[in-house]
Amino acid sequence: MRAFGFLSFGHYGPVPGSRVRTAGDMLRQTIELAEGADEIGVNGAYVRVHHFARQAASPMPLLTAMAARTKRIEVGTGVVDMRYENPLYLAEEAAALDLISDGRLALGVSRGSPETAVRGYEAFGYTGSEDPRGADLARDKFELFMQAIDGEALVDSDPNMGPLGRLAIEPRSNTLRDHIWWGAGSIETARQTGRMGLNLMSSTLLTEATGEPLHVLQARQITEFRESYREAGHTGSPRVSVSRSVFPLVTEQDEMFFGLRGRDGQDQIGIIDGLRSTFGKTYADTPDKLIEQLRADDAVMSADTLMLTIPNQLGPEYNLHVLQAFAEHVAPALGWKPNTEGPVEGYAI
């Protein structure tokens, strides 16, 4: 592990005890959290994207504000659901954000996780999918998105407006392709990600249930990704991230919130999208024990970036405390380098 960031689901609503009552609260607090994390030295600020739910939904305005108010921290998504996107407009937005942030974008995309709406992407105007989960739609859109960010000429020019020829989208960022991540929920999608030469964002779960712990399955997923990347002839240093819920217990409040539930946390087996899946446990303990537990987590130690899923409903003050405690008491022992030491690099293949 070289870096860590926070991953916010962006929950909001009139829930007892929540500090995030409205969408405005959530957006402003996420920006505030990114600013504070940037000063601590945290490497990344990432947001989940869900539709038809009281959660973060349209990430580009939020990420742009975060980038404008920070200096070094990477801003990104985990993940954009391609079923709901216009691929060419997304390519324009992503290029603009990559330029505004001086290359601090980590755009995670995928088919998307299960949504509260049944085929909600059709309400956005995207129809024609023959897959009940819309995977074919997401795949076709992603291919067009990648063609666009690679600068391919996609439309004919109007002879009344200029020379004959074909036109590519504008603006373009020459570094954007290096900042695209695919959110993989299985070993096979990790292999596909490697073949495409993208970065790998491993989920908080895997659609595998062999009885092995999540970290063992994820470590295998990461190995398969890197092997596929190499076999496809790519020669870069792709990034890999994994997500975990981690809470250093350093105050009485930490103990009250997470001590009882977290100390005995175990992986869980459940059903998602009709598939038996392995869900990760919560790590909550004293810093010395967390260091021991995370060093034994094969996936955390194989990845270059650890995303800490945060309870955003508790507000930015408490979540900055969690990030500060992890940065001060745990992360250095795992190999962490703060954002003041420059951009994060993946491990060479």
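Owing to the predicted nature of the structure, the values given are computational and were not obtained by experimental measurement.

(A) Seen up close, the nonpolar core. By size, the foremost hydrophobic cluster in this structure holds 66 residues, and its most contacted members are Phe 4, Leu 107, Phe 142, Phe 145, Ile 180, Leu 323 and Phe 326. Among the nonpolar cores identified, the runner-up in size contains 7 residues, and Leu 7, Ala 106, Trp 181 and Met 307 belong to it.

(B) Spatial organisation of the packing of helix 1 (residues 23-40) against helix 2 (residues 59-68). Close contact between helix 1 and helix 2 brings their axes to 9 Å; oriented N to C, the two are set at 35 degrees. The hand of the helix 1/helix 2 crossing is right-handed. Of the residues in helix 2, those touching helix 1 at Leu 27, Thr 30, Ile 31 and Ala 34 are Leu 62, Ala 65 and Met 66. Of the residues in the contact of helix 1 with helix 2, the class split is 6 nonpolar, 1 polar and no charged.

(C) A look at helix 4 (residues 135-149). Here helix 4 is 15 residues long and its end C-alpha atoms lie 21 Å apart, about the 21 Å a rise of 1.5 Å per residue gives. Among the residues of helix 4, Asp 136, Leu 137, Ala 138, Lys 141, Phe 142, Phe 145, Met 146, Ala 148 and Ile 149 are the ones counted as buried. On its buried face, helix 4 sits against helix 3 (87-100), strand 4 (105-110), strand 7 (180-184) and helix 5 (187-196). Of the residues trailing helix 4, Gly 151 is marked for its positive phi of about 85 degrees.

(D) Examining the pattern of salt bridges more closely. Under the counting rule described, the total for this entry stands at 13 salt bridges. A salt bridge links Arg 69 to Glu 35; the nearest nitrogen and oxygen atoms lie 3.0 Å apart. Taken together, the residues Arg 69 in the loop between helix 2 and strand 3 (74-81) and Glu 35 in helix 1 connect sequence positions 34 residues apart. The exposure class of Glu 35 is partly exposed, given its relative accessible area of 25%. Residues Glu 188 and Arg 195 are paired through a salt bridge, measuring 3.1 Å at the closest nitrogen-oxygen approach. Linked through salt bridges whose partners overlap, the residues forming this network are Glu 188, Arg 191, Arg 195 and Glu 224.

(E) Representation of the packing of aromatic side chains within the structure. Across all of its chains, the model carries 13 aromatic pairs by this definition. Centroid distance Tyr 84 to Tyr 121: 6.0 Å. Interplanar angle 90 degrees. Geometry classified as edge-to-face. Taken together, the positions of Tyr 84 in the loop between strand 3 and helix 3 and Tyr 121 in the loop between strand 4 and helix 4 put the pair 37 residues apart, joining distant regions of the chain. No difference in accessibility class separates Tyr 84 from Tyr 121, as the two residues are buried. The ring centre of Tyr 126 lies 3.0 Å from the NZ or CZ of Lys 141, which sits over that ring.

(F) Summary view of the pairing of strand 8 (residues 199-202). Because side chains alternate across strand 8, one face comprises the buried residues Asn 199 and Met 201, and the other comprises Leu 200 and Ser 202, equally buried. Summarising the sheet, strand 7 and strand 8 pair through 4 bridges and their orientation is parallel. Of the residues in strand 8, the one forming a bridge with Gly 183 is Met 201. In this fold, strand 7 hands off to helix 5, which returns the chain to strand 8; that crossover is right-handed. Pairing of strand 8 with strand 10 (residues 240-248) involves 2 bridges; the strand directions are parallel. In the strand pairing of strand 10, Leu 200 is matched with Val 240.

(G) Representation of the environment of Phe 326 in the model. Counting through the fold element by element, Phe 326 comes out in helix 10 (residues 315-329). It is 7.6 Å that separates the C-alpha atoms of Phe 326 and Phe 247, two residues lying 79 residues apart in sequence. Those residues in contact with Phe 326 that sit more than four places away from it in its chain are Phe 4, Val 246, Pro 248, Leu 294, Leu 306, Leu 308, Ala 331, Pro 332 and Leu 334.

(H) Just the side chain of Arg 244, in detail. Looking at the element boundaries, Arg 244 is found in strand 10. Owing to a relative accessible area of 4%, Arg 244 belongs among the buried residues under this scheme. Among residues more than four places away in sequence, those in contact with Arg 244 are Leu 214, His 215, Gln 218, Tyr 283, Asp 297, Ala 299, Val 300, Leu 306, Met 307, Leu 308 and Thr 309.

(I) Spatial organisation of the packing of helix 1 against helix 10. In contact at an axis separation of 10 Å, helix 1 and helix 10 are set at 25 degrees when each is read in the N-to-C sense. Classified by the interaxial angle, the pair formed by helix 1 and helix 10 is roughly parallel. You can see that helix 1 and helix 10 cross each other, and the crossing is right-handed. Contact residues: Gln 29, Glu 32, Leu 33, Gly 36, Ala 37 and Ile 40 in helix 1; Gly 315, Pro 316, Asn 319, Leu 320, Leu 323, Gln 324 and Ala 327 in helix 10. Class assignment for the residues of the contact of helix 1 with helix 10 results in 7 nonpolar, 5 polar and 1 charged.

Rules of the game
- Residues numbered from 1 in each chain as written.
- Predicted model: local features only at pLDDT ≥ 70, side-chain atom pairs only at ≥ 80, totals over all residues.
- Heavy atoms only, no water.
- Core = buried A, V, L, I, M, F, W, Y, C linked by side-chain atoms within 4.5 Å.
- Buried < 20%, exposed > 50% of the residue type's maximum accessible area, 1.4 Å probe, protein only.
- Axes fitted to C-alpha atoms, helices over the stretch in contact; angles between N-to-C directions.
- Helix = DSSP H or I, 4+ residues; strand = E, 2+ residues; numbered from the N terminus.
- Left-handed = near helix turned anticlockwise from the far one by under 90°.
- Contact = heavy atoms within 4.5 Å.
- Nonpolar A, V, L, I, M, F, W, Y, C, P; charged D, E, K, R; others polar.
- Expected span 1.5 Å × (residues − 1).
- Salt bridge = Lys/Arg side-chain N within 4 Å of Asp/Glu carboxyl O.
- Phe/Tyr/Trp six-rings, centres within 6.5 Å; stacked < 30°, edge-to-face > 60°.
- Lys NZ or Arg CZ within 6 Å of the ring centre and 35° of its normal.
- Pairing = 2+ DSSP bridges.
- Right-handed = clockwise from strand over helix to strand, strands pointing away.
- Parallel < 35°, antiparallel > 145°, perpendicular 65-115°, else oblique.

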